[in-house]
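Chain residues, written in single-letter form:
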Amino acid sequence: MNIILLGPPGSGKGTQAMRLVGEFDMTQLSTGDMLRSARKSTTGVGQRVAAVMDRGDLVTDEIVISLIEERLSDDLKGGAIFDGFPRTLAQADALGALLDRMGQRLDRVIEIKVDDEALVRRVTGRFTCAQCGEVYHDETRKPVVAGVCDVCGGSDFSRRADDNEVSFRTRLLAYYRDTAPLIGYYHAHRKLVPVDGLAPIGEIQEEIASILRRS
Ligand code: AP5
Ligand code: MG
């Protein structure tokens, strides 16, 4: 099964993808995570990608499509959860062509709906375990023991350079300008299923899981 998690910055795509991986044995393909890893390189491309991401703008279609193409060539047994990809109509067309070429199909596009004001609070309060990537929040999702990751026991946490209010506004604008048209695109392809992203994390997980079990 292959699914897309579609939603604005901070809607919970990464949080839900990590939970679904555990339950359905699928592979999370997050272009944001891939790009954060690529930007660590000191090459010219790495540095240019870092500047674009910190501003909150989109990286070029060519770069992200090639990252996805590379990962799809691996054998993803239970299928893929696309997190943060596609983000433009050109990326959506490229994904369709890649899946066709591999004799696979896209099963569902889960649209996670959240109000803009909730998004800014989520993004500015987010922190992540540097060891295993578990996502936390200063108010809504604290580790059970302060300073210790619930999942791996690590004690090193990090915050993203683009999780400030100025970059967030640019990311939100990019979402409405370039990504929101995909809602109509996948609705027309009869793949779209909306979920209420303002519900508690566990309830959203249950709702998505039940959609996938019925797919
Ligand atoms: P990316 O890393 O994909 O960032 P994003 O889309 O802005 O989304 P986020 O990762 O910020 O949010 P999320 O939806 O994963 O939410 P999360 O689960 O963490 O992309 C970063 C940048 O890379 C882009 O700006 C762009 O430059 C570039 N890029 C990436 N992909 C690209 C592409 N395809 N094309 C071009 N450029 C690309 O949750 C957020 C917070 O909310 C957490 O603290 C969490 O604990 C909390 N939370 C989650 N769910 C709930 C809930 N139900 N209730 C309360 N709190 C919740
Ligand atoms: Mg994410």
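Structure's up top.
Quick notes on the rules
- Residues numbered from 1 in each chain as written.
- Chains lettered and ligands numbered in written order.
- Predicted model: local features only at pLDDT ≥ 70, side-chain atom pairs only at ≥ 80, totals over all residues.
- Heavy atoms only, no water.
- Helix = DSSP H or I, 4+ residues; strand = E, 2+ residues; numbered from the N terminus.
- Buried < 20%, exposed > 50% of the residue type's maximum accessible area, 1.4 Å probe, protein only.
- Contact = heavy atoms within 4.5 Å.
- Phe/Tyr/Trp six-rings, centres within 6.5 Å; stacked < 30°, edge-to-face > 60°.
- Near = heavy atom within 4 Å.
- Polar contact = N/O pair within 3.5 Å; in protein donor to acceptor, adjacent residues only side chain to side chain.
- Areas by Shrake-Rupley, 256 points an atom, 1.4 Å probe, with all protein chains shown as cover.
- Nonpolar A, V, L, I, M, F, W, Y, C, P; charged D, E, K, R; others polar.

J.: Mind laying out the environment of K13, listing which residues take part and the relevant values?
T.: Relative to the assigned elements, K13 resides in helix α1 (residues 13-24). Judged by its relative accessible area of 10%, K13 is buried. Taking the C-alpha atoms as reference points, K13 and I110, separated by 97 residues in sequence, lie 9.5 Å from one another. Excluding residues that lie within four positions of it along the chain, K13 makes contacts with L5, L6, G7, P8, D83, G84 and I112.

J.: Residue-level account of the packing of aromatic side chains, with values.
T.: In the structure shown here, the tally under the stated rule is 6 aromatic pairs. Judged by centre distance (5.5 Å) and plane angle (80°), the ring pair of F127 and F157 falls under edge-to-face. With F127 in strand β5 (residues 126-129) and F157 in strand β7 (residues 157-158), this residue pair connects regions lying 30 residues apart in the sequence. Taken together, a centroid distance of 4.9 Å and an interplanar angle of 85° make the contact between Y185 and Y186 edge-to-face. The class of Y186 is buried, set by a relative accessible area of 4%. A network of ring pairs unites the aromatic residues F127, Y136 and F157 as a single cluster.

J.: So what about the site of ligand 1? Which residues, and what values?
T.: Taken together, 35 residues lie near ligand 1, and T15, D57, R87, R126 and R171 sit nearest. Within the side chain of Q91, a nitrogen or oxygen atom sits 3.0 Å from a nitrogen atom of ligand 1. Interatomic distance of 2.8 Å between a backbone N/O atom of Y136 and an oxygen atom of ligand 1. Protein contact buries 96% of the 1000 Å² of open area that ligand 1 shows by itself. Elements supplying a minimum of two residues to the shell around ligand 1: α1, α2 (31-38), β6 (135-137) and α9 (201-214). Top contributing element to the shell around ligand 1 by residue count: α2, with 4 residues. Residue composition of the shell around ligand 1, by class: 13 nonpolar, 12 polar and 10 charged.

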